[in-house]
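# Notes for the structure review
Now for the letters of each chain:
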Amino acid sequence: MTAVAGDPTRLEGLTAAEVAERRAAGLTNDVPDPTSRTVAQIVRANVFTPFNFLLGSLLVVILAVGQFRDGLFGIVLVLNALIGIVQEVRAKRSLDRLAVLNAPRSRVRRDGEVIEIPSKDLVADDLIVLQLGDQIAVDGEVLLETGLEIDESLLTGEADPVDKGIGDGVMSGSFVVAGSGSIRATNVGSEAYAFKLSSEARRFSLVKSELRSGIDRIIKMLSWLMAPTAVLLVTAQIAADVGVVAAVQGSVAGLGAMVPEGLILLTSIAFAVGATRLAGKKVLTQELAAIEGLARVDVICLDKTGTLTEGALTLATVEHLSGDSGSTQPDTGAVLAAMGAADDHPNPSLAAIVAAYDRPPGWTIDDLVPFSSARKWSAAAFTDHGAWFLGAPDILLTRAPDGHAANEASERLEHYASRGRRVLLLTQAPGGLTGEQLPAVLEPTALVVLDEQLRESAPATIAYFGEQGVAVKVISGDSPITVGAVAERVGVPGAHEPVDARDLPDDDQEALAEILESHSVFGRVTPQQKRAMVHALQSRGHTVAMTGDGVNDTLALKDADIGVAMGSGSAAARAVARFVLLANDFSVFPSVVAEGRRVIANVERVANLFLTKSFYAMSLALATGVGQLPFPFLPRHFTIISTLTIGIPGFFLALAPNSRLARPGFLGRVLRFAIPAGVVAAIATFAAYLVARDGSDDDLAEARTVAVIVLFVVALWVLGFLSRPLTSWRGGLVVAMGLLFVVALAVPFSQDFFALVLPDAMTIAAAVGIGAIAGGLLQIGWHLSGWAPPPANAPHDV
């Protein structure tokens, strides 16, 4: 152990009075670092949008000419914004509450005692006590260290741990991966390195995704198409010589209908509601749009410990090795107890040993090498009792001399490993410790057998992934035989053929990817190999989810498409993960994946509805512009059509269950569906409108009603098709929308309000027939082309 030189009072920490002075001076670590947007930001984002500006301008124009009934879309505009604000604020509050539970904490020494406080309560010059797995929350100077190693990969990109000695600096955002120590906080809050580096990146933002980028491209494309179409439409309405008011009504109707104003709203609502639902399952979503990534996961990498097993270990037995002739039999219980007592921050294996033995008297520690996941062993030297190593048998046995003890150890290891038991090897080092390197000779002394309890829900969870077409890879630092045995017990396919990661290629990603494709269980995996495995799977086009709870998982969690950490895991793992399972219950993960699939599949379904409307409105505007005719609709007509075929049903469809596996190519699929659907709907509507007008302006109101009926029938047909499978509630939703439309046609008040002038029964029947024919042609075309979206709950669709 190495301690700070100089004034020993520096290790007593600050007094309460000194802490108060620093807080008064603003030298605290409490800086704004929101997990989501502020309420003001949410309001601005939902109100001040380009589409709201356009529709708001059209609302002002239509109200200026006194046509208040045609301003109904203004009510929809306000409701859309309010719904978006309310849903996102609810999600924000849920996430913020969970973020408090997941907030980092630090141990500090104040007034001579070690206490645990939220990291945001740290002040300058605080003495922070570090142990394995801690995330460092401030910049600091090392005052005390025992084999202290820091992982700075998240800051510097360097994967190798850095040894830290007295006086060395440490940076906020790094992690303790070996040893322990104490540091004095030098830079806190906004002055800390990590805050300066990531203050922008850590603010609320949606990660780059195909869904968001696809919607952005669609909106940009529509914006470019709307400009010339708008000029043509307005010019045509003026040329049609129908008067200023009628020209304004037609122009506003056409322009307003082209805007897919609810698409962005429902996308945001779907993400926000998804995060809220996950919050109800004690799953913290650290980035909302990461929910989309869940829908695309087709490979999930699991760590055995804490995921398939409970994580807690108990000491099952200590089996003494007979050794070679003439060797002295040591008191292995006393050795293990002394090693456990010597480490102030034992790992789970050593903690199980500490729990089983009392601290032995008369054992004085001379030197200590703490456990490191990279070395896979720890060591200690004691006065009059020699030097001892405890760790992975396959590592320590490489220094064992040939003889009966080594052979016996190998035989017993195979026996235990085949049963999925975790085993450590205790060896004696006659030559003493040699720093962090293994000595030339280690004498096997005893096998330490530990028990792991399977998670009760693990078999069902693994079965779920198999049913959903998600490949499972078990990646662990334990013996491959041990990992394979556990994986086989929970039903992982291919678990009977575990791979020793030490035999994997180091510099050939293609060869590594090939092995990963054909095998499911890997043991003796180093942190660097976990990261390489993630990269190799991604190189084959897989979307990879990685679960973990330890410091050794952080590199892979950070580079995976979706990182999932356990709430009880290390601060390092929780900091880099997209999702944190606060209840430490892996069985919730299927519902997490299902939530992602629900969001993306439903957003795509709703996008088809909104963009079909945009394209039939644009096609109708072009047709009336070229023909120099009055526009077939008033704004209030589109209000009733879009409310009943898009707005109301779209809201329910966006939040409905949907377990279909996400597919790449969102933009292409939506356009292949929406453009033909919109064009066919426009052709049928415009043709019926022309026939009903019969070239006369006297029957314009009746012709517009015919157009409303035809367009509604086609739009309802599209809604029914997109609602597949037509379960009782989906079918009921479509029927209810149809009945509401019939009521609007039949009730005198709504006829007058929506300017609907019913033609004779034969004309109504013809309009319905034209709409049905157009819908039937669309369905035939979708079937023949294969361009139609698959039904909901089609998990294996590709």
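Thresholds, definitions, all that
Residues numbered from 1 in each chain as written. Predicted model: local features only at pLDDT ≥ 70, side-chain atom pairs only at ≥ 80, totals over all residues. Heavy atoms only, no water. Helix = DSSP H or I, 4+ residues; strand = E, 2+ residues; numbered from the N terminus. Buried < 20%, exposed > 50% of the residue type's maximum accessible area, 1.4 Å probe, protein only. Contact = heavy atoms within 4.5 Å. Areas by Shrake-Rupley, 256 points an atom, 1.4 Å probe, with all protein chains shown as cover. Salt bridge = Lys/Arg side-chain N within 4 Å of Asp/Glu carboxyl O. Arc of directions from axis to C-beta. Axes fitted to C-alpha atoms, helices over the stretch in contact; angles between N-to-C directions. Parallel < 35°, antiparallel > 145°, perpendicular 65-115°, else oblique. Left-handed = near helix turned anticlockwise from the far one by under 90°. Nonpolar A, V, L, I, M, F, W, Y, C, P; charged D, E, K, R; others polar. pLDDT = per-residue confidence, 0-100. Phe/Tyr/Trp six-rings, centres within 6.5 Å; stacked < 30°, edge-to-face > 60°. Lys NZ or Arg CZ within 6 Å of the ring centre and 35° of its normal. Patch = residues over 30% accessible without salt bridge, like charges linked within 9 Å, V, L, I, M, F, W, Y side chains within 5 Å. Pairing = 2+ DSSP bridges.

Here we come to the overall build of the protein. Helix and strand counts for the protein come out as 28 helices and 22 strands. Counting only residues that meet the buried cut, the protein has 55% of its 798 residues in that class. Across the protein, every contact between residues at least 6 apart in sequence was considered, and the portion connecting residues at least 24 apart equals 74%. When the accessible surface of the protein is split by element, carbon and sulfur atoms take 59% of a total near 32,200 Å².

The next subject is the pattern of salt bridges. Within this structure, the stated rule accounts for 22 salt bridges. Glu-116 is the partner of Arg-107 in a salt bridge, and the nearest nitrogen-oxygen pair spans 3.9 Å. The exposure class of Arg-107 is buried, given its relative accessible area of 17%. Judged by relative accessible area, which is 45%, Glu-116 ranks as partly exposed. The salt bridge partner of Lys-120 is Asp-121, with a shortest N-O separation of 3.5 Å. Relative accessible area serves as the criterion here: at 44%, Lys-120 is assigned to the partly exposed category. You can call Asp-121 partly exposed: its relative accessible area is 25%.

In this section: the environment of Val-626. Looking at where Val-626 falls in the secondary structure, it is placed in helix α22 (residues 589–627). For the pair Val-626 and Thr-235, spaced 391 residues apart in sequence, the C-alpha separation works out to 9.9 Å.

Attention shifts here to helix α16 (residues 458–467). Residues of α16 that are buried: Ala-458, Thr-461, Ile-462, Tyr-464 and Phe-465. Along the long axis of α16, the arc covered by the buried residues comes to 155 degrees, so they all point the same way. Of the exposed residues in α16, the ones pointing more than 90 degrees away from its buried face are Ala-460, Gly-466 and Glu-467. Buried residues in α16 make contact with β10 (299–302), α11 (304–308), β17 (471–475), α17 (480–490) and α22.

Between α22 and helix α24 (residues 666–693), the shortest axis-to-axis distance is 7 Å and the interhelical angle comes to 40 degrees. Comparing their axes, α24 and α22 come out oblique. Between α22 and α24 lies a crossing whose hand is right-handed. The class makeup of the residues in the contact of α22 with α24 is 17 nonpolar, six polar and two charged.

This part is about the environment of Arg-90. Examined against the element boundaries, Arg-90 turns out to sit in helix α4 (residues 72–101). When its relative accessible area of 49% is taken as the criterion, Arg-90 is described as partly exposed. For the pair Arg-90 and Ala-275, spaced 185 residues apart in the sequence, the C-alpha separation amounts to 9.8 Å.

Next up on the list: helix α12 (residues 332–342). Within α12, ten of the eleven residues are buried, leaving the element largely enclosed by the surrounding structure. Every buried residue of α12 is listed here: Thr-332, Gly-333, Ala-334, Val-335, Leu-336, Ala-337, Ala-338, Met-339, Gly-340 and Ala-342.

Before going further, it helps to spend a moment on the environment of Pro-676. The topology assignment puts Pro-676 in helix α24. Distance in space between the C-alpha atoms of Pro-676 and Gly-781 is 9.1 Å, their sequence separation being 105 residues.

On to the confidence of the model for the protein. Taken over all residues, the pLDDT of the protein has a mean of 82, while the share at 70 or more is 86%. Here residues 1–9 scores under 50 on pLDDT; set against residues more than four positions off or in separate chains, the count is twelve contacts. Contacts for the low-pLDDT stretch residues 198–207, under 50 throughout, to residues beyond four places or in other chains number 16 contacts.

For the structure shown, the criterion picks out 17 aromatic pairs. Relative to Phe-389, the ring of Trp-377 lies with its centre 5.1 Å away and its plane at 55 degrees, an arrangement referred to as tilted. Residue Trp-377 is located in strand β13 (residues 377–382), and its partner Phe-389 is located in strand β14 (residues 386–391); the two are separated by twelve residues in the primary sequence. For Phe-389, a relative accessible area of 0% corresponds to the buried category. Centroid distance Phe-631 to Phe-638: 6.1 Å. Interplanar angle 45 degrees. Geometry classified as tilted. Members of the aromatic cluster, connected to one another through ring pairs, are Tyr-464, Phe-465, Phe-586 and Phe-589. The ring of Trp-377 has Arg-375 sitting right over it, with the charged end atom 5.3 Å from the ring centre. Taking the ring centre of Phe-721 as reference, the NZ or CZ of Arg-724 above it sits at 4.1 Å.

The next point concerns a nonpolar patch on the surface. On the surface, Val-39, Val-43, Val-47 and Phe-48 cluster together to form a nonpolar patch covering roughly 340 Å² of accessible area. Structurally, the position occupied by Val-39 is in helix α2 (residues 39–47).

Strand pairing in a sheet relies on backbone hydrogen bonds. The paired strands run either parallel or antiparallel. Strands sit in the order β9-β22-β21-β20-β10-β17-β19-β18 across an open sheet of eight strands; the sheet is mixed. Taken across any chain shown, the strands that pair with only one partner, and hence form the sheet edges, are β9 (283–285) and β18 (499–500). By the bridge criterion, two bridges tie β18 to strand β19 (residues 521–523) in an arrangement that is parallel. Within the sheet, the bridge partner assigned to Val-499 lies in β19 and is Phe-522.

With that settled, consider the side chain of Ser-476. In this fold, Ser-476 is placed in the loop between β17 and α17. Contact partners of Ser-476, with chain neighbours within four places excluded, come to Asp-303, Lys-304, Val-483, Phe-522, Gly-523, Arg-524 and Val-525.

To continue, consider the pairing of strand β12 (residues 365–372). Pairing between β12 and β13: five bridges, direction antiparallel. When the bridges of β13 are listed, Ile-365 appears paired with Phe-382. Two successive antiparallel strands, β12 and β13, enclose a turn made up of four residues, where Lys-376 displays a positive phi of approximately 70 degrees.

Before going further, it helps to examine the packing of helix α18 (residues 509–518) against helix α19 (residues 527–539). At their nearest, the axes of α18 and α19 sit 8 Å apart, and the two run at 85 degrees to each other. With respect to each other, α18 and α19 are oriented roughly perpendicular. Contact residues: α18 offers Gln-509, Leu-512, Ala-513 and Leu-516, while α19 offers Ala-532, Met-533, His-535, Ala-536, Leu-537 and Ser-539.

This brings us to unusual backbone geometry. A cis amide bond links Arg-724 with the next residue in sequence, Pro-725, at an omega value of -5 degrees. Position of Pro-725 among the secondary structure elements: in the loop between α25 (700–722) and α26 (728–746). Positive phi outside glycine occurs at Lys-376, with the angle close to 70 degrees. Along the polypeptide, Lys-376 turns up in the loop between β12 and β13. By relative accessible area, which is 13% here, Lys-376 ends up buried.

Most of strand β20 (residues 544–548) is tucked away, with five of its five residues classed as buried. Of the two faces of β20, the one holding Val-544, Met-546 and Gly-548 and the one holding Ala-545 and Thr-547 are both buried throughout. In the sheet, β20 pairs with strand β21 (residues 562–566) via four bridges, with the strands oriented parallel. Each bridged residue has a counterpart across the sheet, and for Thr-547 the counterpart in β21 is Val-564.

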